2 protein chains.
Amino acid sequence: MKVIILKENLNNGLNIVSRVAGKNLTLPILNNILLTTEGNFLSISSTDLELGIKYWSLGKIERQGGLTVPAKILSSFVNLLPEEKIALEVKSQVLYIDCGNNKTQIKGLDAQEYPIIPKIEDDKPIELNTLPFCEGIAQVVDFTAPNQTRPELSGIYLRFQRDRALLVATDSFRLAEKTLYFEQKIDREESFILPQKAARELVNIFSERKGKLKLYFSPNQILFEYPMSETTHPQIQVVSRLIEGDYPDYQSIIPQKHDVQLSLSKNEFLNQVKAASIFSGKSNEVKIKVNIKKQEIEMLSQSPELGENRSVLAGKVTDTSGKVKEIETTFNYRFLVDGLLNIKSSKVLFELNGEEGPAVLRPEGDTNYLYVVMPIKAT
Amino acid sequence: MKVIILKENLNNGLNIVSRVAGKNLTLPILNNILLTTEGNFLSISSTDLELGIKYWSLGKIERQGGLTVPAKILSSFVNLLPEEKIALEVKSQVLYIDCGNNKTQIKGLDAQEYPIIPKIEDDKPIELNTLPFCEGIAQVVDFTAPNQTRPELSGIYLRFQRDRALLVATDSFRLAEKTLYFEQKIDREESFILPQKAARELVNIFSERKGKLKLYFSPNQILFEYPMSETTHPQIQVVSRLIEGDYPDYQSIIPQKHDVQLSLSKNEFLNQVKAASIFSGKSNEVKIKVNIKKQEIEMLSQSPELGENRSVLAGKVTDTSGKVKEIETTFNYRFLVDGLLNIKSSKVLFELNGEEGPAVLRPEGDTNYLYVVMPIKAT
């Protein structure tokens, strides 16, 4: 292999691809990335066997070939080079890098030894706009279940149907659902569970790359493809395995009605939750008390060692059931903070269902996002 | 105690003072700060028994008194309050805080139980400008010795004489010296060893507070005092114990001549050291080779596992001894990086003394800073 490439192009590719290569002690080749020529392109790819990323860059290809080299070494080294042309050459499993006054050799392994990233055949990919898709993923990606007792909850559920996509995550204490509407209807239905790591990488890679993302499906894998500007050739491909199993019927958890609806300033509410949290002790408990008749909302927290905090929340109280006079319910403050941080609007609706029923946070004036949070049961 | 104070004033004081209060398990009161009224002022103070900080703020004092409360609880709570007036009141060892819609109680301990920060009597304090003093401290503070085998090297040596102050630190592998010149001569000489923690706090507190700092001396302690604007009343006092012992005769370590002087672009040199460091392996070794006759400077690093890096450094080579044709010497790359990061000029002078003699880095055109670094001896 012999290639002349601009530092900026090589660096862009390495920044994206090298994130997947980790510290794998049992299979050291997974710490590497793979460089190979493909016609007029240099391709850079990496996989952890669950998630694969591939990046194509234009370069002057003087001799075809390839090599796999340690990802961290190559990417941190290239990052320090001056903004000039870089000559890459492979001779007897060593990568020679020439740039300006700098001559470097990195020892590699045969390209054949690198695991193959699967290809997916699908002639009717779904097309999405990168920016709203990434923003939606970011609003739910933190809420998957951490442990492996229910693997299907450890990923994000994506459902594509006609004019919309639903993005959902839950750890059974809270649930976030984002709805994205399409300008053009799609003529297929798909649903799958994407591992959290792959979802985070999509946000990292595409949230500042405006354009169209094509989704190709297979029973166990999904491929996200982003084109090189003004061509149909791919620039970035992300391939992920899917999580097996059926996602639970999460819709039944979302309450269809509520006793009372509070309309609050998001930032004020967030600050008051944070102030209360200082006195919540190890249980993380903050209490919310609503007197519906008096239109009063109060937040309380106390710890026998530290002291206590009480605040009055300014906001509108709407009695939606007509049956309840007062509600007193307790939340884990972290769950309230997490939900509020994912709401973009300045006003937030907070819908309560008695002492133990699920509550819902929503951006005011936007029905495309909701965050269900379970109260802490009184002991 | 009953005080009305602006949130901003209380917050400023807490941010400065609460940094000293730590997690002290054997003496829990050291996790607290002390609030007391002094005439028209509220004073906020804290100590770890080696370093004490005190801050005065104007407020409306309605009843004199005091209390000591957990520093982290109070400072993180006040930080979240709206920008309004805060009412502080002490009743039976509880601090009541009222601000806007927020009512809070923090349990405290009797003010009498808090350790006393010593007072220093000295009628001829030295005056310094905060900004150059803090910049100078910052340029040496990282280079003290980490361990306690030689306590006198664990602090910064400060020497005041006539028209200048010398700030020095060394861990015996490298040494940094900064010279500050005064506009007006001082008529006393002082030298002392300041603990690194106190030096870091001075930089944190005063590096963005333009003004004059007064230094008051006693045999075992030093007091730094910063006045409230447009008054002579102190706003901030920092009191530190001094490290006992004699500072070594460090001047004898600074080489008075050199074999060769290199003039290099600081950023280019820094980047080349970093690039070489990737291949330096666990020993951190990078080699510098100078061919004086050919005016060539080369940097090399290699690791049997990873590969190697060679670069040619653009720069001027000045033969200062006339006796040496070639120098090849090896450095710990971290020590070169640390020194270069503390040099502000765009060009740097690098003076070498054979294979094993101490080398010196200096900003070009500025004799007020120097950084001595020992090569790694050939094994």
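Residues numbered from 1 in each chain as written. Chains lettered and ligands numbered in written order. Predicted model: local features only at pLDDT ≥ 70, side-chain atom pairs only at ≥ 80, totals over all residues.

**Here we look at the overall build of chain A**
Okay, so step 1: The number of helices and strands found in chain A is six helices and 26 strands.
Okay, so step 2: Projected onto its principal axes, the C-alpha positions of chain A cover 80 × 55 × 35 Å.
Okay, so step 3: Buried residues in chain A amount to 40% of all 379 residues. (Helix = DSSP H or I, 4+ residues; strand = E, 2+ residues; numbered from the N terminus. Buried ≥ 20, exposed ≤ 12 C-beta atoms within 10 Å, placed from the backbone.)

**Points about the packing of helix H3 (residues 130-140) of chain A against helix H4 (residues 196-206) of chain A**
Residue and element names in this part refer to chain A.
Okay, so step 1: Packing of H3 against H4 brings their axes to within 9 Å, and their N-to-C directions diverge by 140 degrees. Here H3 lies oblique to H4, going by the angle between them. You can see that H3 and H4 cross each other, and the crossing is left-handed. Listed contacts from H4 to Thr130, Cys134, Ile137 and Ala138 of H3 are Ala199, Leu202, Val203 and Phe206.
Okay, so step 2: Classifying every residue of the contact of H3 with H4 by side-chain character gives seven nonpolar, one polar and no charged. (Axes fitted to C-alpha atoms, helices over the stretch in contact; angles between N-to-C directions. Parallel < 35°, antiparallel > 145°, perpendicular 65-115°, else oblique. Left-handed = near helix turned anticlockwise from the far one by under 90°. Contact = placed C-beta atoms within 7 Å. Nonpolar A, V, L, I, M, F, W, Y, C, P; charged D, E, K, R; others polar.)

**Some details on the relation of the copies chain A and chain B**
Okay, so step 1: Overlay of chain A on chain B (RMSD 0.0 Å): rotation 180 degrees, translation along the axis 0.0 Å. The superposition of one copy onto the other is thereby described by a two-fold rotation axis.
Okay, so step 2: Of the residues that chain A buries at the interface, 100% are likewise interface residues in chain B, meaning the two copies contact each other through the same surface. (Least-squares fit on C-alpha atoms with pLDDT ≥ 70 in both.)

**Section: the nonpolar core**
Okay, so step 1: Counting 209 residues, the largest nonpolar core has Ile156 of chain A together with Ile156 of chain B as the members making the most contacts within it.
Okay, so step 2: With near-sequence residues (within four places) excluded, Ile156 of chain A lies in contact with Ile137, Val140, Val141, Thr144, Leu167, Val168, Ala169, Leu194, Gln196 and Ala199 of chain A. (Core = buried A, V, L, I, M, F, W, Y, C linked by C-beta atoms within 7 Å.)

**Brief notes about the sheet that holds strand S12 (residues 164-170) of chain B**
All names here are of chain B.
Okay, so step 1: Taken in spatial order, the nine strands of this open sheet run S14-S11-S12-S13-S26-S25-S24-S18-S22, and their pairing is antiparallel. The open sheet has two edge strands, strand S14 (190-195) and strand S22 (315-319), and neither has a second partner. Averaged over all neighbouring strand pairs, the angle between strand axes comes to 15 degrees, with direction disregarded.
Okay, so step 2: Contacts between helix H4 (residues 196-206) and the sheet are confined to strand S11 (155-161) and S14, with S14 contributing the most and set at about 90 degrees to the helix.
Okay, so step 3: Strand contacts of helix H6 (residues 333-341): strand S13 (174-181), strand S24 (347-352), strand S25 (359-363) and strand S26 (369-373), with the helix running at about 180 degrees to S26, the strand carrying the most contacts. (Pairing = 2+ DSSP bridges.)

**Concerning the domain arrangement of chain A**
All names here are of chain A.
Okay, so step 1: When the domains of chain A are assigned, the result is domain 1 (2-113), domain 2 (126-251) and domain 3 (254-373).
Okay, so step 2: Here the C-alpha centroids of domain 1 and domain 2 sit 28 Å apart.
Okay, so step 3: Residue-level contacts link nine residues of domain 1 with 15 residues of domain 2.
Okay, so step 4: When residues in the side of domain 1 that touches domain 2 are grouped by element, the largest group, six residues, is from strand S4 (residues 51-58).
Okay, so step 5: Partitioned by chemical class, the residues of the side of domain 1 that touches domain 2 number five nonpolar, one polar and three charged. (Domains from an automatic or database assignment.)

**Side note on the interface of chain A and chain B**
Okay, so step 1: Counting residues at the interface gives 26 residues for chain A and 26 residues for chain B.
Okay, so step 2: Of all the secondary structure elements, the ones that give two or more residues to the side of chain A that touches chain B are helix H2 (71-80), strand S9 (102-107), helix H5 (266-277) and strand S21 (307-312) of chain A.
Okay, so step 3: Residues of the side of chain A that touches chain B, tallied by class, amount to eleven nonpolar, nine polar and six charged.
Okay, so step 4: Sheet topology note: the S21 of chain A/strand S9 (residues 102-107) of chain B ladder contains five bridges and is antiparallel. For Asn309 of chain A, the partnering residue across the bridge sits in S9 of chain B and is Thr104 of chain B.

**Digging into the pairing of strand S23 (residues 326-332) of chain A**
All names here are of chain A.
Okay, so step 1: Burial analysis of S23 places five of its seven residues in the buried class, the great majority of the element.
Okay, so step 2: Sheet topology places strand S19 (residues 285-291) next to S23; seven bridges connect them, and they run antiparallel. Looking at S23, one finds that Lys287 is bridged to Thr330.

**Digging into the environment of Val78 of chain A**
All names here are of chain A.
Okay, so step 1: Relative to the elements of secondary structure, Val78 occurs in helix H2.
Okay, so step 2: Owing to 22 C-beta atoms within 10 Å, Val78 belongs among the buried residues under this scheme.
Okay, so step 3: Separated by 33 residues in sequence, Val78 and Ser45 have C-alpha atoms that sit 16 Å apart.
Okay, so step 4: For Val78, the residues in contact, after removing those within four places along its chain, are Lys7, Leu10, Asn11 and Leu14.

**Overview of helix H6 (residues 333-341) of chain A**
Okay, so step 1: For H6 of chain A, the complete set of buried residues consists of Tyr333, Phe335, Leu336, Gly339 and Leu340 of chain A. One side of H6 of chain A holds all its buried residues, which, seen down the axis, span an arc of 160 degrees. (Arc of directions from axis to C-beta.)

**Things to note about the packing of helix H1 (residues 7-17) of chain A against H2 of chain A**
All names here are of chain A.
Okay, so step 1: With their axes 9 Å apart at the nearest point, H1 and H2 run at an angle of 145 degrees to one another. Note that H1 runs across H2; the crossing there is left-handed. Two secondary-structure elements touch here, H1 through Lys7, Leu10, Asn11, Leu14 and Asn15 and H2 through Leu74, Ser75, Val78 and Asn79.
Okay, so step 2: Of the residues belonging to the contact of H1 with H2, the class tally is four nonpolar, four polar and one charged.

**Considerations on the environment of Glu83 of chain A**
Residues and elements named next belong to chain A.
Okay, so step 1: Looking at the element boundaries, Glu83 is found in the loop between H2 and strand S7 (85-91).
Okay, so step 2: Residue class for Glu83 comes out exposed when judged on the 10 C-beta atoms lying within 10 Å of it.
Okay, so step 3: For the pair Glu83 and Cys99, spaced 16 residues apart in the sequence, the C-alpha separation amounts to 9.1 Å.
Okay, so step 4: Apart from residues lying up to four places away in sequence, Glu83 is in contact with Lys7 and Glu8.

**A look at unusual backbone geometry**
Residues and elements named next belong to chain A.
Okay, so step 1: Even without glycine at this site, Ser92 takes up a positive phi of about 35 degrees.
Okay, so step 2: Phi angles above zero are rare outside glycine, and Gln295 is one such case at about 60 degrees.
Okay, so step 3: Topologically, Gln295 is positioned in the loop between S19 and strand S20 (296-303).
Okay, so step 4: Under the C-beta neighbour-count criterion, Gln295 is labelled exposed, with 12 such atoms within 10 Å.

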